[in-house]
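Descriptive structure summary
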Amino acid sequence: MSNDSQGSVKGEAAMMLSPSGSASSQGPPLSPSTATKPPELPDELVQAGWAKCWSRRENRPYYFNRFTNQSLWEVPVLGQHDVISDPLGLNAAPAEGGDSTLGNGQRKRRSSEEQAAGPNSVKRAKVNPFIFPSIPLSLYLHVYPMEVLKFFIVVVLSIYWDLDIQTNAVIREHPPANHLPPHPEIELQRAQLVTKLRQHYHELCHQREGIDPPRESFNRWLLERKVIDKGHDPLLPSDCDPVISPSMFREVMNDIPIRLSRIKYKEEARKLLFKYAEAAKKMIDSRNASPESRKVVKWNAEDTMSWLRRDHSASKEDYMDRLEHLRQQCGPHVAAVAKDSVEGICSKIYQLSADYSRRLRQTHLSLLQDPPTEACASPQQSRLVYCYPVRLVIPSPPLPRVELHFENDMACLRFRGEMVKVNRGHFSKLELLYRYSCIDDPRFEKFLSRVWCLLKRYQEMFGSGANEGTGLQGALPVAVFEALNRQFGVSFECFASPLNCYFKQFCSAFPDIDGFFGSRGPFLSFSPVSGSFEANPPFCEELMDAMVKHFEELLDQSSEPLSFIVFVPEWRDPVTPALTRMEASRFLRHQLSIPAYEHEYRSGSQHTCKREEMYYRAVHGTAVLFLQNDAGFAKWAPTPERMAELMAAYRPASSRTSSLSSPGPAHIAPGDRDCTPKTTSDWSPHPLGLVIG
């Protein structure tokens, strides 16, 4: 690249100055050679997103709007912001046969590990996206056009991320990943096969056990299988040992012979007791049970029915006590006769998944221009670097066109009649993450196709039912993330996605597609040497246990500052193995408990849900544990002052109190654990809560 080209790239990609003269994070700076300070813009224009910038290429000032990405040579006029012009040619495609290095340079964004401060670097001032002009709304309507006001309300005020925070996570350099690049055709076929697999699961539960599949059990099966899966498909399990999923087996068995739902009234308790006795007797009669099992179950079931016919004055507590006794007496015998059948369900679903995975891979390989060969494992590099997004070694083929249109505040992407949606704010967020992280598509020619694949993938994982899967991708409130970053140096999420991440550094489930939007890959394959991390894992017992084991290995191996702040459900009856292991860990520095209903989480469907549904109160307590090595404890110790600020940040915002008084049924789901009630006063399953990041 010539010196002139380098100069123009640096000039057009430099920073923008605010009216006060401080550096902002967007746009080019004024020329350092200017003798006098440029005149400041009126406050109305500044609040609308305009700033005066300097073009080194043209050697004259221009005006840039950070909200709409518009640029003008002349001073903007309020009410005429819909006039789109591009005097610098920032959005124009390079001419045929022309030098394309300038366009590539303008598009390129350096990753965090390359943003070391140089001798001539300018400190960037932090932009707070939550600052809104403190003037009456009526006056604001007179000053600004309705379109700009709507943009502020819908987009600016709902921002839930801070992508300016740089990483402090250090890793050992590793080679690019060998995943197949995403393709809309393959993603569409995968969606069809996952839907078909869900239908098979539903039919098997009905045919073999006469029950509906436990809520969210298929989604948690996907999570649990991927902890041990060594197969090639990013979603469908295909190489797992053991074949029988402990998660799926446990949840199906828990609903046999009938599902024990939440009980509020006496009549419900009476009806449920009768149904359980009847279903247990019918099941033991129709299965190959031992004489002793038949005798015990029949006697207890008939005794219960006789008691129900005799006693009509029993209270709800009497019915609950009787139901608990009946379950203790009949449960082991019922489980023994159902064991082989439930194992058959788990095995059948896994075998179908493995078959679908093989078919998908064959189709995917046929679409690639240069099918990959089996690459030998390269030795681990010793060089330490700041963490960077997943890179794929296999080049992406040309991708088909995806249509984009907007319906009110939703961006709608359509491919072959299949439409996925995301709100405008998160669509802009995906564009920013793509600019920061993607290195093979400087002209954004594959952006829409990859966004469609991303949204479709998470839709496949969560399911298409009403409110299904929303508990599988929640997040901490903004104030908590800010406190974690400010007090404990947290700059990285161990479990997140491009849709719900707060930082631009995160681990996620799907490295093949999420890597283009900043993902560092699955956390169990991520091995940092130092850094401060937040972990809010999927509430899946197998995954949480593997997470804690990985934490302890990393903390034991590193002498550099390393810290993990873990958020898990405080399930004590029975206690989860992961929580027990963390509480006994030699790396535990501090632990606190946030009571149920006294803190909130952000919805897993934040990229599509309504604003009033964005937050909900946690219906279970949350345990917060600090796992740190000696250097990490010395640097980010959980002192009383820091803990006080974290607790204050956890208090629900008063502006949302009215909409958070009680969680709706959409936010309650069975947890991935033994949901059997242990007391007669609590028959509701443990709520799933939020799981990724």
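- An unreviewed UniProt entry annotates the protein chain as mRNA (2'-O-methyladenosine-N(6)-)-methyltransferase originating from Echeneis naucrates.
- Listed under Subcellular location (unreviewed entry) in UniProt, the entry text for the protein chain is "Nucleus".

**Points about the overall build of the protein chain**
- Looking only at helices and strands, one finds 19 helices and 15 strands in the protein chain.
- Out of the 693 residues in the protein chain, the part that is buried amounts to 52%.
- Residue pairs in contact within the protein chain that sit at least 24 positions apart in sequence constitute 71% of those at least 6 positions apart.
- Looking at the protein chain as shown, the accessible area adds up to about 31,800 Å², and 51% of this sits on carbon and sulfur atoms.

**Here we look at helix H19 (residues 640-650)**
- Taken residue by residue, H19 has Met 643, Leu 646, Ala 649 and Tyr 650 as its buried positions. End-on, the buried residues of H19 take up no more than an arc of 120 degrees, which puts them together on one face. Facing away from the buried surface of H19 by more than 90 degrees, the exposed residues are Pro 640 and Glu 641.
- On its buried face, H19 sits against helix H14 (478-488), strand S11 (562-569), strand S12 (588-594), strand S13 (600-602) and strand S15 (622-628).

**Describing unusual backbone geometry**
- That bond from Asp 241 to Pro 242 is cis: its omega, 10 degrees, falls within 30 degrees of zero.
- Within the secondary structure, Pro 242 sits in the loop between helix H7 (217-228) and helix H8 (246-254).
- Note the cis peptide between Ile 256 and Pro 257, where omega equals 5 degrees.
- Topologically, Pro 257 is positioned in the loop between H8 and helix H9 (266-286).
- Here Asn 59, not a glycine, exhibits a phi torsion of approximately 60 degrees, which is positive.
- Tracing the backbone shows Asn 59 in the loop between strand S1 (50-55) and strand S2 (60-65).
- Unlike most non-glycine residues, Arg 416 shows phi in positive territory, near 50 degrees.
- By the element assignment, Arg 416 lies in the loop between strand S7 (410-415) and strand S8 (418-423).
- The exposed category is assigned to Arg 416, whose relative accessible area is 60%.

**Some details on the sheet that holds strand S3 (residues 71-72)**
- Strands sit in the order S1-S2-S3 across an open sheet of 3 strands; the sheet is antiparallel. The open sheet has two edge strands with one neighbour each: S1 and S3.

**Topic: the sheet that holds S7**
- In spatial order, the strands read S6-S7-S8; together these 3 strands make up an open sheet with antiparallel pairing. In the strand order of this sheet, the two ends are held by strand S6 (403-407) and S8, each with one partner. Recorded for the sheet is a direction-independent mean angle of 25 degrees between the axes of neighbouring strands.
- Of the pairings in the sheet, the one linking S7 to S8 comprises 6 bridges and is antiparallel in character.

**Focus on the nonpolar core**
- Of all hydrophobic cores here, the largest spans 116 residues; its most connected members are Ile 256, Leu 413, Leu 484 and Phe 517.
- By residue number, the principal contributor to this core is helix H11 (residues 316-367), which donates 16 residues.
- Listed in part, the 32 residues of the second largest apolar core include Cys 387, Phe 495, Phe 523 and Leu 554.

**Some words on the pairing of S11**
- Among the 8 residues of S11, 8 are classified as buried, and the element is accordingly described as predominantly covered.
- What you see with S11 is no split at all: Leu 562, Phe 564, Val 566 and Val 568 on one side and Ser 563, Ile 565, Phe 567 and Pro 569 on the other are buried throughout.
- Note that the unit made of strand S10 (residues 528-535), helix H16 (residues 541-557) and S11 has a crossover that is right-handed.

**A closer look at the packing of aromatic side chains**
- Following the criterion strictly, the structure yields 29 aromatic pairs and no others.
- Between Phe 481 and Phe 503, the ring centres sit 5.6 Å apart and the planes meet at 85 degrees, which makes this aromatic pair edge-to-face. Of the two residues, Phe 481 sits in helix H14 while Phe 503 sits in the loop between strand S9 (492-493) and helix H15 (511-514), which places them 22 residues apart along the sequence. Residue Phe 481 shares its accessibility class with Phe 503, and that shared class is buried.
- Relative to Phe 564, the ring of Phe 533 has its centre 5.2 Å away and its plane inclined at 25 degrees; by these criteria the two rings are stacked. With Phe 533 in strand S10 and Phe 564 in strand S11, this residue pair connects regions lying 31 residues apart in the sequence. With respect to burial, Phe 533 and Phe 564 carry one shared label: buried.
- Aromatic ring contacts, followed pair by pair, group Phe 492, Phe 495, Phe 523, Phe 526, Phe 533, Phe 551 and Phe 564 into a single cluster.
- Positioned above the aromatic ring of Phe 516, the side-chain terminus of Arg 450 is 3.7 Å from the ring centre.
- Residue placement shows Arg 457 over the ring face of Phe 510; its charged tip is 5.0 Å from the ring centre.

**Brief notes about the pairing of S10**
- With respect to burial, S10 is a largely interior element, 8 of its 8 residues being buried.
- Where strand S4 (residues 170-172) lies against S10, 2 bridges are found, and the strand directions are antiparallel. In the strand pairing of S10, Ile 171 is matched with Pro 528.
- Two strands pair when backbone bridges link them, and S9 and S10 are joined in this way by 2 bridges, in the parallel orientation. Its bridge partner being in S10, Glu 493 is matched across the sheet by Glu 534.

**Examining the packing of H7 against H8**
- Closest axis-to-axis distance for the H7/H8 pair is 8 Å, and the angle between their directions is 155 degrees. In terms of their interaxial angle, H7 and H8 are classed as roughly antiparallel. For the pair formed by H7 and H8, the contact residues are Ser 217, Arg 220, Trp 221, Glu 224 and Arg 225 on the first element and Pro 246, Ser 247, Met 248 and Glu 251 on the second.
- A class-by-class count of the residues in the contact of H7 with H8 yields 3 nonpolar, 2 polar and 4 charged.

**Quick notes on the environment of Gln 351**
- For Gln 351, the position within the fold is in helix H11.
- The partly exposed category is assigned to Gln 351, whose relative accessible area is 43%.
- In this structure the C-alpha to C-alpha distance between Gln 351 and Asp 239, which are 112 residues apart in sequence, comes to 9.7 Å.

**Concerning the pattern of salt bridges**
- All told, the structure shown has 28 salt bridges when counted by the stated rule.
- Between Lys 281 and Asp 285 there is a salt bridge; the shortest N-O distance is 3.8 Å. Here the residue Lys 281 and the residue Asp 285 both occupy positions in helix H9, the gap between them amounting to 4 residues, near one helical turn.
- With relative accessibility at 34%, the residue Asp 285 sits in the partly exposed group.
- The partner of Arg 322 in a salt bridge is Asp 303, and the shortest N-O contact between them spans 2.4 Å.

**Overview of the confidence of the model for the protein chain**
- The share of residues in the protein chain with pLDDT of 70 or more is 73%, and the mean pLDDT across the chain is 78.
- In the model of the protein chain, helix H3 (residues 101-107) stands out as the element of lowest mean pLDDT, 37, in contrast to S9, which has the highest, 98.
- Of the regions scoring below 50 in pLDDT, residues 149-157 engages in 21 contacts with residues more than four places distant in sequence or in other chains.
- Within the model, pLDDT remains below 50 along residues 655-693, and this stretch shows 132 contacts once partners closer than five positions in the same chain are excluded.

About the thresholds
- Residues numbered from 1 in each chain as written.
- Predicted model: local features only at pLDDT ≥ 70, side-chain atom pairs only at ≥ 80, totals over all residues.
- Heavy atoms only, no water.
- UniProt positions renumbered as here; feature names shortened; annotations may be inferred.
- Helix = DSSP H or I, 4+ residues; strand = E, 2+ residues; numbered from the N terminus.
- Buried < 20%, exposed > 50% of the residue type's maximum accessible area, 1.4 Å probe, protein only.
- Contact = heavy atoms within 4.5 Å.
- Areas by Shrake-Rupley, 256 points an atom, 1.4 Å probe, with all protein chains shown as cover.
- Arc of directions from axis to C-beta.
- Pairing = 2+ DSSP bridges.
- Axes fitted to C-alpha atoms, helices over the stretch in contact; angles between N-to-C directions.
- Core = buried A, V, L, I, M, F, W, Y, C linked by side-chain atoms within 4.5 Å.
- Right-handed = clockwise from strand over helix to strand, strands pointing away.
- Phe/Tyr/Trp six-rings, centres within 6.5 Å; stacked < 30°, edge-to-face > 60°.
- Lys NZ or Arg CZ within 6 Å of the ring centre and 35° of its normal.
- Parallel < 35°, antiparallel > 145°, perpendicular 65-115°, else oblique.
- Nonpolar A, V, L, I, M, F, W, Y, C, P; charged D, E, K, R; others polar.
- Salt bridge = Lys/Arg side-chain N within 4 Å of Asp/Glu carboxyl O.
- pLDDT = per-residue confidence, 0-100.

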